Protein chains: 2
Amino acid sequence: MVDYPTLLQRFTELLRNQNLKFTRQREAILRTLHETDDHLSPEEIHRLVARQNPDLNVGIATVYRTLALLESAGLADSISFGKDGKKYEIGLKKHHDHLVCTECGTIIEFTDDVIEARQEAIAQAHNFRMTDHTMKIVGLCADCQPKA
Amino acid sequence: MVDYPTLLQRFTELLRNQNLKFTRQREAILRTLHETDDHLSPEEIHRLVARQNPDLNVGIATVYRTLALLESAGLADSISFGKDGKKYEIGLKKHHDHLVCTECGTIIEFTDDVIEARQEAIAQAHNFRMTDHTMKIVGLCADCQPKA
DNA sequence: CTTGATGCAAAATATTTGCATGCTC
DNA sequence: GAGCATGCAAATATTTTGCATCAAG
């Protein structure tokens with residue numbers, strides 16, 4: 001996991017480069033994403049930020065706007081699972097993929113060098129300039145499998 | 001690609017098993033998905049079905065209901081990326097993954113045995129019973145890359 | 001005939017946008 | 001002070017649902 005100071009620095013640089021402003025709302029959203037270190041929907045993020053910053057009165061629109069900003073800058077990633085809509089997590093983690101349990105919704109992250117390398121090779125073979133990739137394995141986690 | 005008679009047979013079996021009815025609307029949607037052999041949003045599917053079946057007057061709600069039915073039965077798969085929302089394609093293809101161009105939206109399908117095998121191994125390592133998996137590589141396709 | 005399916009429109013969600021005001025820089 | 005950001009509410013967009021009617025089995 002990236003440490004917060006580093007993340008914050010990347011964020012302020014990004015803002016400066018684009019002549020955007022560093023606001024308490026934006027920082028609160030970034031911090032919440034970092035602290036939670038989990039996959040959150042925009043509404044969940046909004047609720048958490050509002051709870052942790054009762055004085056700010058953050059609007060849902062700002063959450064959407066900030067998430068879009070963070071995502072386009074690579075500081076946040078989104079992933080969507082079926083009906084549950086789009087969820088965000090902090091970016092700058094080591095690249096990883098996901099195992100998703102269809103029963104309980106648990107998300108497990110993993111990394112696999114063989115797959116990483118293979119993805120790069122495939123992108124090249126198709127003349128793609130890869131900017132990102134995601135892999136998702138869905139199934140039943142150990143706890144949710146019917147006992148043999 | 002699966003041939004249509006086979007697909008249709010699977011569909012009728014599915015309907016029979018669940019005491020559901022075989023309607024012209026449902027068939028029209030299945031056929032459109034099969035003929036197009038591409039990734040379509042619910043609205044696109046609705047438009048195509050309506051155009052090809054002017055006599056049916058298919059409602060968007062029926063498209064959503066049918067897509068959900070097809071997806072849960074494995075006869076259709078959905079994939080979502082970025083702002084463009086969820087898109088559907090016919091199921092029963094050989095398993096494949098996707099390369100998505102973020103610029104023009106082009107979707108290229110590919111298969112890779114190394115990755116397939118690896119996914120299986122990873123699921124086992126986490127005690128997951130894998131029911132499905134998807135991989136998506138996003139980037140810029142050959143046409144959309146800035147010319148060196 | 002019986003029961004599920006459909007179309008329509010309304011409802012429920014989700015996301016985006018316009019605008020007056022407030023805050024960074 | 002200038003200009004971007006915010007909150008709010010309205011506008012859109014996307015899906016789902018209730019219900020009377022229709023049609024498959």
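Residues numbered from 1 in each chain as written. Chains lettered and ligands numbered in written order. Predicted model: local features only at pLDDT ≥ 70, side-chain atom pairs only at ≥ 80, totals over all residues. Heavy atoms only, no water.

Some points on the protein's contact with DNA strand C
- Looking at DNA strand C, there are 20 residues lining it, with Tyr64 of chain A together with Lys21, Arg26, Asn57 and Thr62 of chain B nearest.
- For DNA strand C, the backbone portion of the atoms within 4 Å of the protein, that is sugar and phosphate, comes to 75%.
- Valine 58 of chain B places a main-chain nitrogen or oxygen 3.4 Å from a phosphate oxygen of DNA strand C.
- Secondary structure elements with two or more residues in the surface near DNA strand C: helix H4 (60-73) of chain A together with helix H2 (24-36) and helix H4 (60-73) of chain B. (Near = heavy atom within 4 Å. Polar contact = N/O pair within 3.5 Å; in protein donor to acceptor, adjacent residues only side chain to side chain. Helix = DSSP H or I, 4+ residues; strand = E, 2+ residues; numbered from the N terminus.)

Digging into the relation of the copies chain A and chain B
- With an RMSD of 0.3 Å, chain A superimposes on chain B once it is rotated by 179° and translated 0.1 Å along the axis. Here the two chains are linked by the operation of a two-fold rotation axis. Taking C-alpha positions as reference, the residue of chain A nearest the rotation axis is methionine 135 of chain A, located at 2.1 Å.
- Mapped onto chain B, 100% of the interface residues of chain A again fall at the interface, so both copies present the same surface. (Least-squares fit on C-alpha atoms with pLDDT ≥ 70 in both. Contact = heavy atoms within 4.5 Å.)

Some remarks on the protein's contact with DNA strand D
- As a matter of local geometry, DNA strand D sits amid 20 residues, with Lys21, Arg26, Asn57 and Thr62 of chain A together with Tyr64 of chain B nearest to it.
- A breakdown of the atoms of DNA strand D within 4 Å of the protein gives sugar and phosphate a share of 73%.
- Between a phosphate oxygen of DNA strand D and a side-chain N or O atom of threonine 62 of chain A, the distance comes to 2.3 Å.
- Glutamate 43 of chain B places a polar side-chain atom, nitrogen or oxygen, 3.5 Å from a phosphate oxygen of DNA strand D.
- Elements that contribute at least two residues to the surface near DNA strand D include exactly helix H2 (24-36) and H4 of chain A together with H4 of chain B.
- For the surface near DNA strand D, the per-class residue count stands at 7 nonpolar, 6 polar and 7 charged. (Nonpolar A, V, L, I, M, F, W, Y, C, P; charged D, E, K, R; others polar.)

Overview of the interface of chain A and chain B
- The partner chain B presents 34 residues to the 34 residues of chain A that form the contact.
- Each partner contributes to the roughly 3,100 Å² buried at the junction of chain A and chain B, and carbon and sulfur atoms together form 63% of this total.
- Counting the contacts that link chain A with chain B gives 2 salt bridges.
- Its salt-bridge partner being arginine 118 of chain A, residue aspartate 112 of chain B comes within 2.8 Å of it at the nearest N-O pair.
- Counting the contacts that link chain A with chain B gives 8 residue pairs in polar contact (both at pLDDT 80 or more).
- Elements represented by at least two residues in the side of chain A that touches chain B include exactly strand S3 (97-101), strand S4 (107-110), helix H5 (113-125) and strand S5 (129-140) of chain A. (Buried area = accessible area lost by both parts, 1.4 Å probe. Salt bridge = Lys/Arg side-chain N within 4 Å of Asp/Glu carboxyl O.)

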